[in-house]
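Commentary on secondary and tertiary structure
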Amino acid sequence: MPLDLFTVGDPIADTKAPTDVPIGERWSERKFRGRLVNPANRRKMTVIVVGTGLAGGSAAATLGEAGYKVKSFWYQDSPRRAHSVAAQGGINAAKNYRNDGDSVHRLFYDTVKGGDFRSRENNVHRLAEVSVNIIDQCVAQGVPFAREYGGLLDNRSFGGTQVSRTFYARGQTGQQLLYGAYQALERQMAAGNVEQHSRTEMLDLIVVDGRARGIVARDLVTGEISTHYADAVVLATGGYGNVFYLSTNAKGSNATAIWRAHKRGAYFANPCYTQIHPTCIPVHGEYQSKLTLMSESLRNDGRVWVPKERGDTRDPRDIPEDERDYYLERIYPSFGNLVPRDIASRQAKNVCDEGRGVGPNGLGVYLDFAEAIERLGRPAVEAKYGNLFDMYAQITGEDPYRTPMRIYPAVHYTMGGLWVDYDLQSTIPGMFVIGEANFSDHGANRLGASALMQGLADGYFVLPATITEYLADGPFEKIGDSHPAAVEAVQGVQAQIQKLLNINGTRSVASFHRELGKLMWDLCGMERSEESLRKALDRIPEIRQEFWTNVKVVGDWHSFNQNLEQAGRVADFIELAELMCVDALHRNESCGGHFRAESQTPEGEALRDDENFAYVAAWEWTPEGAPPVLHREDLEYEYVHLAQRSYK
Amino acid sequence: MRLTLRIWRQKDPSVKGTMVTYKLDDISPDMSFLEMLDVLNERLIMDGDDPVAFDHDCREGICGMCGVMINGKAHGGEHTTTCQLHMRSFKDGDTIDVEPWRASPFPVIKDLAVDRRAFDRIIQAGGYISVPTGTAPEAHSTPVPKKDSDAAFDAATCIGCGACVAACPNASSMLFTAAKVTHLGLLPQGQPERYDRVVNMVTQQDLEGFGGCTNIGECSASCPKGISMETISRLNHDLLGALRAGVKPKS
Ligand SMILES: Cc1cc2nc3c(=O)[nH]c(=O)nc-3n(C[C@H](O)[C@H](O)[C@H](O)COP(=O)(O)OP(=O)(O)OC[C@H]3O[C@@H](n4cnc5c(N)ncnc54)[C@H](O)[C@@H]3O)c2cc1C
Ligand code: SF4
Ligand code: FES
C-alpha cells in the first residue's frame, strides 16, 4: 500500500445498532431504546435541514410536523427542483404484491449482494423494513403511481433482482415522489413550522465545542452572507457525481456542503465508490454540458447488442440476427439484460474497447426495442416508456421506435459520502447526513430504484426517529454572531470568495471543471489501476495550483453571480477528486463500481479481497500538506454469506 | 452556424433593462440552446464582461428551472423546455431574441432569471393532501381506477416552469393551478380537501397578482408538458361546487 499518500488512524465503529437482538428486531429496539423529546420541548429546538430533495424535503416536512422549528435551505428557486425530480425508473419496496417470493429479507439480501458486500447489514435491513411504509405514505399523499386495470399498483423489474418490486410513475417516478414531499413541505411552511431559504447556498458548518451548531450561507440573489444557528444540522445535499463534469446530475449539483463539513471534521466514507450507469445517451461534442440518462427500466424490454464484427458500420436494422452479439444475454444467461449496473457498464466498455462499439466515435452500444414493439405493440411500449423515447428523440434527433437507441455508460450516482452511524449521525455530534450525501446503504454498488427508497426512508422514517436521542440533551446554549466559531467561519467564507474574485487569471472556471472531469473519467472511472491513479494524483495538485492562481471569475460577490457560485463548487470538486483517487488507490481490490484492473477473475469479473478490504474506509481531513487519515470500520456479515457475486 | 442574438440584459430589478446584440459563429446544430448560451458566456467571461444570467439546473426537461422567451415564444414554442430545445431548430444566419418571462408576479432578478416563488405560495395555499408522516393506511386498501390515476398523473407532470403565465396575454396562472387541482382532485385521497383546496389556491393566485383566465389557450399551447385546457374546466367545475357549498377561503 502506498503509505506516503495517507496515514492510518484508529478504527471506527457504529455503536448505535443494538446487535444484542436479532437483525429483524434491531430497528424497533433502537427506536424503543432511544430517548424521546416531549412536544413542549420540541418547540424550543431548531433543526437546520440543508436540501429539499427526497431526503431533505421529507425530513424537513416530518420534523416540522413533529413540532420542531425547522429552517430549510436549497440553492434553486423552488424546493421542487431538487435533482431527485429527475429520477425516472422507480422505487423499490418489499410489498410482494406480485406474490413472486419477495420479502423484507430478500430485498435486504439483494441489496447487500448488489452492493458487493461492502455495506452494513443493519442499515440495509432497516431500509428493507421501512420500504413498505414509504409506498403507503406516498400513495396517501396522492403520488400517482402506475396502476393496473383492477386499480391496484403495478410493478416492474430492475437490475440485480429476480422479483418485480419496483413501483413507478411512468418514467417520472422521482418527480412524482418529490412533489409528494414538496407538497408536504409547503404545507409545513404555510403552517409556519418550516422557515424557507430559497436560492441560498451553504458554504460552511459552524462547530461549537465539538457540536454542529449552525451554518454559514450565501444568498445567491443578493450575495449576502448570513449565519444560521440550530440545535442540530441535517445535510441532505445529494451526490458528488459532478466531480466528473459530465454526469447525469444537475448542473448545480455539488459537493460543497459535504466537503466543507468534511473539512470541519466529518469523516468521508468510500469516496471512490461511484456508479457508472450503463444506459445514457452517448457524448456527442466538446461543448456538451451534461449527460442524459435513459432509465434502467428500459432494460426490461430493450435488448442490448453490438455487431459481432468490429468496425461494422451498417445501419443496425440491416445487420442480420446472427451477426449481432447480445452480449449480456450471452454472458449472463440467468439475469441477461438485467444484470446490475456496474456489470452492464463494464461489459459495454469491454465491447467498445474491442472495437465493436457503435456510433460516430465507437463509444456506444445498441438498446433495441424492435422485439418488444413486435411482442407488445407500439402503444404498450409508448405507455411504458413514452417520455423516455421522446427525450431521446429530442436530444439525438433520431426516432427510437424505428431505429435502436445508442447508449453508453455515464457517471450517475455516488455510493460514497459522509460517514454516518446507524442513527445517521456523522462524526461531528449534532450533524446528521441523509440521502445520497451519506454513504450508508449501498456498499460498492447501488441497485436500481434503491436511492429513492433510501432518500425517503432516511427523511420520513429514520432521521426523525433517531435525531430525538441527540436532541433529548437539548436545547443547547444559545450562540450568536459574536461567538468566535461563527466569526471564524464567516471570515473564512468571505476570504475564499474574495480570493476567487481577485485572481483574475486567464482560464475560465468551466475549463478547469472540464479538465478535471476528463481526467477523473479517464483515470478514476470505470476501470482504475495503480498506474492510472498515480498519474491522477500527480496531476490533480497541479490543477488545484493552477486554479488558485489562474482562474478568472468576473463580477462581485454582492449580487447574483453564477460564475462565482460555480467557482466555489469547482474548487471543492478538485479537492474531493484527490481524496477519491487516494481511496481508489488504497483499495487494492475490485468491488462493485470500483474496478481495479489488477484485481479480476479469469473471466474479467470484479475480484474482491475480503480478507484485507471488508471494511468501510472513513477518511479524516487534514490541512494541506499532511496526508488524510484512514479510519477503518470493519464490516461483519452475520446474516448474508460473503460470496463471489454471480449473475450467470 | 452563425447567429445573431439579441438578449435582454438587466443588472438587477432596480434598473431598466435593454436588448443587447451578440454575434456567434461556430455553433453546432447538435448543441442545446443552453449550451449555445454557455458558449456565449464563456466568451463574455474571458473578455471580462458580465455573463448572461439564466436559470437552469437539470438540463433534461424535468426540473422546471429553465425558461426564457425565444423569439417571443415561451421555451421557443416547440412543446419542450428551453433546455431541451436544440440548435437544429434554427437556421444558419438566424437572429434570435431572448427575453425573460414577462409577468409582474414574476419579477426579474437579473437578465433572464426571474423570481417564481409565487407558484410555491399557491401550492402552500392548498396544493397538497394533509397526511402526517407515518399515518398512512396500507397502499392497497384503496384501489384507484386506472383511468383516474392515469389522468391524475398527466396533470401531475406540470413542472412549475411558468411558461403558461409568460405566454398568457393576461399573465394568468390558471393552467398551473388547475393542473394541481386536477391531479389531487381525481384521486380518492384528495377528496376530503377538494373544495377547500380549489378555493384557497384560486384566492392565492389572485393575491399574487396573476391575471384572470379568459380561455385563450396560449398557456396550454406553450406548455412543455402538454397540460390540457380540460384541467381548467375541472378547476372551474370544482370552484363552482365549492362556492355553492359555501366554502370560504381561509384568511
Ligand atoms: C437522472 C437520474 C435518474 C435517477 N433515477 C433513479 C431511479 O429511477 N430510482 C432511484 O432509486 N434512484 C434514481 N436516481 C438516484 C436518485 O434520484 C438520487 O440519488 C436521489 O434522488 C438523491 O436525493 P437527495 O435528496 O439525496 O438529493 P437531491 O435530490 O439531489 O437534493 C439535493 C438538495 O440539496 C440542495 N443543495 C445541494 N447543495 C447545496 C448547498 N451547498 N447549499 C444549499 N442547498 C444545497 C439542493 O438545492 C437540493 O434541494 C437517479 C438519479 C439521476 C441523476
Ligand atoms: S402548466 Fe405547463 S407551462 Fe405551466 S408551469 Fe406547468 S408545465 Fe409549465
Ligand atoms: S433545466 Fe431543468 S427543465 Fe430545463
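Just so we're clear, the structure is a prediction, and the values are computed from it rather than from any experiment.

This part takes up the overall build of chain A. A tally of regular secondary structure across chain A gives 17 helices and 22 strands. Here the C-alpha atoms of chain A give a radius of gyration of 24 Å, agreeing with the 26 Å that 2.2 N^0.38 yields for 648 residues. Based on the C-alpha atoms only, the size of chain A along its principal axes is roughly 75 × 60 × 50 Å. When the 648 residues of chain A are sorted by exposure, 68% land in the buried category. By sequence separation, contacts in chain A at least 24 residues apart represent 74% of the contacts at least 6 residues apart. Carbon together with sulfur atoms contributes 48% to the accessible area of chain A, which is approximately 21,000 Å² in total. One finds the centroid of the 70 positive side-chain charges in chain A at a distance of 4 Å from the centroid of its 84 negative side-chain charges.

Opposite the 78 residues of chain A that make contact, chain B presents 73 residues. Interface area, chain A with chain B, both sides summed: about 6,200 Å², of which 53% is carbon and sulfur. It is Arg 81, Arg 147 and Tyr 287 of chain A that lose the most area in chain A upon contact with chain B, and together they represent 11% of the buried surface on that side. In this structure, the connection of chain A to chain B is made through six salt bridges. We note a salt bridge from Arg 514 of chain A to Glu 42 of chain B, for which the minimum N-O separation is 2.9 Å.

With that out of the way, let us pick up the domain arrangement of chain B. Residue and element names in this part refer to chain B. Per the domain assignment, the segments of chain B are domain 1 (3-110) and domain 2 (116-244). For domain 1 versus domain 2, the separation of C-alpha centres amounts to 29 Å. Facing the 19 residues of domain 1 at the interface are 20 residues of domain 2. Taken together, the two surfaces of domain 1 and domain 2 that pack against each other cover about 1,400 Å², and 62% of this comes from carbon and sulfur.

We now examine the pairing of strand β2 (residues 46-50) of chain A. Residues and elements named next belong to chain A. With five of five residues buried, β2 is to be regarded as a mostly interior element. The alternating pattern of β2 places Thr 46, Ile 48 and Val 50 on one face and Val 47 and Val 49 on the opposite face, and all of these are buried. Sheet topology note: the β2/strand β3 (residues 69-73) ladder contains five bridges and is parallel. From the neighbouring strand, Val 47 faces β3, where its bridge partner is Val 70. Note on the crossover from β2 through helix α3 (residues 54-66) to β3: the handedness is right-handed. For β2 and strand β10 (residues 232-235), the ladder comprises four bridges, and the chain directions are parallel. Residue pairing in the sheet places Val 49 in a bridge with Val 234 of β10.

Residue and element names in this part refer to chain B. The strand order across the open sheet formed by five strands is β2-β1-β5-β3-β4, and the pairing between neighbours is mixed. Bordering the open sheet on either side are β2 (18-24) and β4 (73-74), each of which pairs with just one other strand. Two elements, strand β1 (residues 3-9) and β2, share seven bridges in a ladder whose sense is antiparallel. Counterpart to Leu 3 in the pairing with β2 is Leu 24.

For ligand 2, the full set of nearby residues is Phe 119, Cys 158, Ile 159, Gly 160, Cys 161, Gly 162, Ala 163, Cys 164, Leu 175, Cys 223, Pro 224 and Ile 227 of chain B. Looking at the shell around ligand 2, its residues break down into 10 nonpolar, two polar and no charged.

On to helix α5 (residues 174-185) of chain B, then. Residues and elements named next belong to chain B. The end-to-end C-alpha distance of α5 is 15 Å, a good match for the 16 Å that 12 residues give at a rise of 1.5 Å each. Of all the 12 residues making up α5, 12 are buried; the element is thus mostly covered by neighbouring parts of the structure. Buried within α5 are the following residues: Met 174, Leu 175, Phe 176, Thr 177, Ala 178, Ala 179, Lys 180, Val 181, Thr 182, His 183, Leu 184 and Gly 185.

Another point: the site of ligand 1. All names here are of chain A. The environment of ligand 1 is made up of 38 residues, and the closest members are Gln 76, Ser 84, Gly 89, Glu 436 and Leu 452. One of the backbone nitrogen or oxygen atoms of Ala 236 is found 3.4 Å away from an oxygen atom of ligand 1. Backbone polar atom of Ala 451 to an oxygen atom of ligand 1: 2.9 Å apart, as the coordinates give it. For ligand 1, whose unbound accessible area comes to 1,000 Å², protein coverage reaches 97%.

We now examine the pattern of salt bridges. Taken as a whole and assessed by the stated rule, the structure comprises 73 salt bridges over all chains. Among the salt bridges present, the one from Glu 598 of chain A reaches Arg 596 of chain A, with a minimum N-O distance of 2.9 Å. A relative accessible area of 43% means that Glu 598 of chain A is categorised as partly exposed. What makes Arg 596 of chain A buried here is its relative accessible area of 2%. Between Asp 50 of chain B and Lys 110 of chain B there is a salt bridge, and its shortest N-O distance comes to 3.0 Å. Residue Asp 50 of chain B is found in the loop between α1 (33-46) and β3 (69-70), and its partner Lys 110 of chain B is found in strand β6 (residues 108-110); the two are separated by 60 residues along the sequence. The class for Asp 50 of chain B is partly exposed, based on a relative accessible area of 33%. A cluster of three or more residues bridged by salt bridges with shared partners is formed by Asp 116, Arg 118, Arg 587, Glu 589, Arg 608 and Asp 610 of chain A.

All names here are of chain A. Tracing the backbone through its elements, the reader meets Glu 195 in strand β6 (residues 194-197). Placed 91 residues apart in sequence, Glu 195 and Val 104 show a C-alpha to C-alpha distance of 37 Å. When near neighbours in sequence (up to four residues on either side) are disregarded, Glu 195 contacts Val 70, Lys 71 and Ser 72. Within the structure, the side chain of Glu 195 is placed 2.7 Å from the side chain of His 197, a separation counted as a polar contact.

This next bit is on the pairing of strand β21 (residues 615-620) of chain A. All names here are of chain A. Where burial is concerned, most of β21 is hidden: five out of the six residues are buried. Summarising the sheet, strand β11 (residues 268-269) and β21 pair through two bridges and their orientation is antiparallel. The residue bridging Phe 268 from the neighbouring strand is Trp 619, located in β21. As paired elements, β21 and strand β22 (residues 629-634) share six bridges and run antiparallel to each other. Within the sheet, the bridge partner assigned to Ala 618 lies in β22 and is His 631.

All right, on to the sheet that holds strand β7 (residues 200-208) of chain A then. All names here are of chain A. Strand order in the open sheet formed by three strands is β7-β8-β9, with antiparallel pairing between adjacent strands. Two strands close off the open sheet at either side, each with one partner strand: β7 and β9 (225-229). If you compare each strand with its neighbour and ignore which way they point, the axes differ by 25° on average. Here β7 runs beside strand β8 (residues 211-219); their pairing, made up of eight bridges, is antiparallel. From the neighbouring strand, Leu 205 faces β8, where its bridge partner is Ile 215.

On to helix α6 (residues 194-207) of chain B, then. The end-to-end C-alpha distance of α6 of chain B is 20 Å, a good match for the 20 Å that 14 residues give at a rise of 1.5 Å each. All of the buried residues along α6 of chain B are Arg 194, Arg 197, Val 198, Val 199, Asn 200, Met 201, Val 202, Gln 204 and Gln 205 of chain B.

A separate point is the environment of Gly 24 of chain A. All names here are of chain A. Within the fold, Gly 24 resides in helix α1 (residues 23-33). Residue classification places Gly 24 among the partly exposed positions, given a relative accessible area of 40%. Distance in space between the C-alpha atoms of Gly 24 and Ala 236 is 27 Å, their sequence separation being 212 residues. Aside from chain neighbours lying at most four places away, what touches Gly 24 is His 125 and Glu 129.

The rules behind these values
Residues numbered from 1 in each chain as written. Chains lettered and ligands numbered in written order. Predicted model: local features only at pLDDT ≥ 70, side-chain atom pairs only at ≥ 80, totals over all residues. Heavy atoms only, no water. Helix = DSSP H or I, 4+ residues; strand = E, 2+ residues; numbered from the N terminus. Rg over C-alpha atoms; globule rule 2.2 N^0.38 Å. Buried < 20%, exposed > 50% of the residue type's maximum accessible area, 1.4 Å probe, protein only. Contact = heavy atoms within 4.5 Å. Areas by Shrake-Rupley, 256 points an atom, 1.4 Å probe, with all protein chains shown as cover. Lys, Arg positive; Asp, Glu negative; His and termini not counted. Charge placed at Lys NZ, Arg CZ, Asp CG, Glu CD. Buried area = accessible area lost by both parts, 1.4 Å probe. Salt bridge = Lys/Arg side-chain N within 4 Å of Asp/Glu carboxyl O. Domains from an automatic or database assignment. Pairing = 2+ DSSP bridges. Right-handed = clockwise from strand over helix to strand, strands pointing away. Near = heavy atom within 4 Å. Nonpolar A, V, L, I, M, F, W, Y, C, P; charged D, E, K, R; others polar. Expected span 1.5 Å × (residues − 1). Polar contact = N/O pair within 3.5 Å; in protein donor to acceptor, adjacent residues only side chain to side chain. Axes fitted to C-alpha atoms, helices over the stretch in contact; angles between N-to-C directions.

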